[in-house]
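Each chain, written out:
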Amino acid sequence: MPRLEVNIDHVATLRQARLTNEPDPVTAAALAELAGADGIIVHLREDRRHIQDRDLELLRQTVKTRLNLEMAATSEMLTVARQVKPDLVTLVPEKRQELTTEGGLEVAKNMAFLKNYVQDLKEVGLRVSLFVDPVSAQIDAAREVGAEWVELHTGTYADALTRAEATRLFQELINAARHARSIGLKVKCGHGLNYRNIKPFRGREEFAEFSIGHSIMARAILVGIERAVREMVELTRW
Ligand code: PXP
C-alpha cells in the first residue's frame with residue numbers, strides 16, 4: 001500500500017507572517033499523524049522563511065511516524081542533518097528567490113560532489129532521497145551517487161494545461177518510476193499534487209509514496225474556516 005507523507009511548511013509560513021507562535025507546525029504534525037499521515041516533511045531553507053531550527057528539533061522529538069527533512073546540499077545543512085538525524089534526508093535544489101522548489105536536482109552534472117555529500121550523510125546512518133526530474137539520466141545518476149530513494153518531480157505533470165499533455169507527462173512519470181525500481185531505487189513522488197491530479201496514480205504499484213503539502217494545507221484552511229469563525233462568533237455575541 002502506498003504511503004502519504006505530509007509537508008507542513010505552510011503552517012510555519014502562516015506563523016512567520018506575524019512572527020508569532022501560532023499556528024505551531026509541531027501541533028499540525030501531531031494532528032496529521034492522528035489523521036493517518038505516514039510521515040511528516042519539512043524543508044529547512046537556508047533563509048528560514050518558514051520552518052525554524054526549533055521546529056525541526058521539536059519535530060524530531062515528537063514525530064512518531066517518519067520525519068523527512070528536505071534540504072539543500074550545503075555544509076550548513078549537512079551539520080543540521082547529522083545532528084537532528086531525520087529518518088530520511090531529501091536533497092533538493094534551492095534558490096533564494098524561488099516561491100517553491102522549481103525542479104529536480106541536477107545530479108548527473110554534479111556526481112562527484114553529490115557522491116561525497118550522500119556518503120557524508122550515510123556515514124552517520126542517514127537514509128537519502130534525491131528529488132529529481134523523471135528522466136533516466138538523473139535517476140541513473142541518483143543510484144550512482146548512492147541514494148536509496150528518488151522522489152520524482154511531479155510539478156510539470158501538475159502544471160499540464162491540457163488533458164493530452166497531462167496523460168503524456170503521467171506516462172513519463174510511470175516510465176521513470178519503472179526505470180528507478182528496475183535499478184533498485186525506491187520511488188516517491190511529489191510537488192503540485194492535489195485532490196484531482198492524484199487520481200491517475202490510484203492503484204499504480206510503481207509509486208511507493210507521495211509527498212504532498214500545499215493542496216492539503218489549502219484545503220485545511222477552507223474546511224476549517226467555518227468552525228473557526230463560528231467559535232469566534234460565539235465569543236463575540238453577548
Ligand atoms: N517534494 C518536494 C521535494 C518539495 O520541495 C515539495 C514542496 O515543498 C513537495 C514535495 C510538496 O509539494 P506541494 O507543496 O506542491 O504538495
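Criteria and cut-off values
Numbers given to residues run from 1 along each chain, matching the order in which its sequence is written. The predicted origin of the model limits local features to residues at a pLDDT of at least 70 and limits the giving and counting of side-chain atom pairs to 80 or more, whereas totals for whole chains, interfaces and linings rest on all residues. The basis for the side-chain values is all heavy atoms of the structure; hydrogens and waters are excluded. Both cavities and pockets are sets of points on a 1 Å grid over the protein atoms alone; in a cavity a 1.4 Å probe fits but cannot get out, in a pocket the set is open with protein on both sides within 12 Å along at least five of seven lines, and lining residues sit with an atom within 4 Å of a point. Grid points are joined across faces, edges and corners, and a volume is the space filled by probe spheres set on the points. The secondary structure listing takes helices from DSSP runs of H or I that are at least 4 residues long and strands from runs of E that are at least 2 residues long, numbered from the N terminus. Three categories are distinguished: nonpolar for Ala, Val, Leu, Ile, Met, Phe, Trp, Tyr, Cys and Pro, charged for Asp, Glu, Lys and Arg, and polar for the others, with Gly belonging to the last. Each salt bridge in this description consists of a side-chain nitrogen of Lys or Arg and a carboxyl oxygen of Asp or Glu lying within 4 Å of one another. Only protein chains enter the accessibility calculation, which uses a 1.4 Å probe; a residue whose area is less than 20% of its type maximum is buried, one above 50% is exposed, and one in between is partly exposed. Nonpolar cores are built from buried Ala, Val, Leu, Ile, Met, Phe, Trp, Tyr and Cys residues. Side-chain atoms within 4.5 Å join them into one set. We call two residues in contact when some of their heavy atoms are within 4.5 Å.

A look at the layout of surface pockets
Next up, step 1: Taken as a whole, the largest pocket spans an internal volume of roughly 1,000 Å³.
Next up, step 2: In terms of lining, the largest pocket is formed by 31 residues, of which the most central are Val-11, Pro-23, Met-217, Ala-220 and Ile-221.
Next up, step 3: For the lining of the largest pocket, the element with the highest residue contribution is helix 9 (residues 214-235), accounting for 13 residues.
Next up, step 4: Split by residue class, the lining of the largest pocket holds 20 nonpolar, 6 polar and 5 charged.

Quick look at the pattern of salt bridges
Next up, step 1: All told, the structure shown has 20 salt bridges when counted by the stated rule.
Next up, step 2: Among the salt bridges present, the one from Asp-55 reaches Arg-54, with a minimum N-O distance of 2.8 Å.
Next up, step 3: With a shortest N-O distance of 3.4 Å, Glu-206 and Arg-204 are connected by a salt bridge.
Next up, step 4: Overall, Glu-206 belongs to the buried group, its relative accessible area being 7%.
Next up, step 5: The exposure class of Arg-204 is partly exposed, given its relative accessible area of 28%.
Next up, step 6: Linked through salt bridges whose partners overlap, the residues forming this network are Arg-3, Glu-5, Arg-66, Lys-188 and Glu-209.

Here we look at the nonpolar core
Next up, step 1: Counting 64 residues, the largest nonpolar core has Leu-91, Leu-121, Leu-130, Leu-152, Phe-201 and Phe-207 as the members making the most contacts within it.
Next up, step 2: When residues in this core are grouped by element, the largest group, 8 residues, is from helix 8 (residues 163-182).
Next up, step 3: In contact with Leu-91, other than residues within four places in its own chain, are Met-71, Ala-73, Leu-105, Leu-114, Tyr-117, Val-118, Leu-121, Val-128, Ser-129, Leu-130 and Phe-131.

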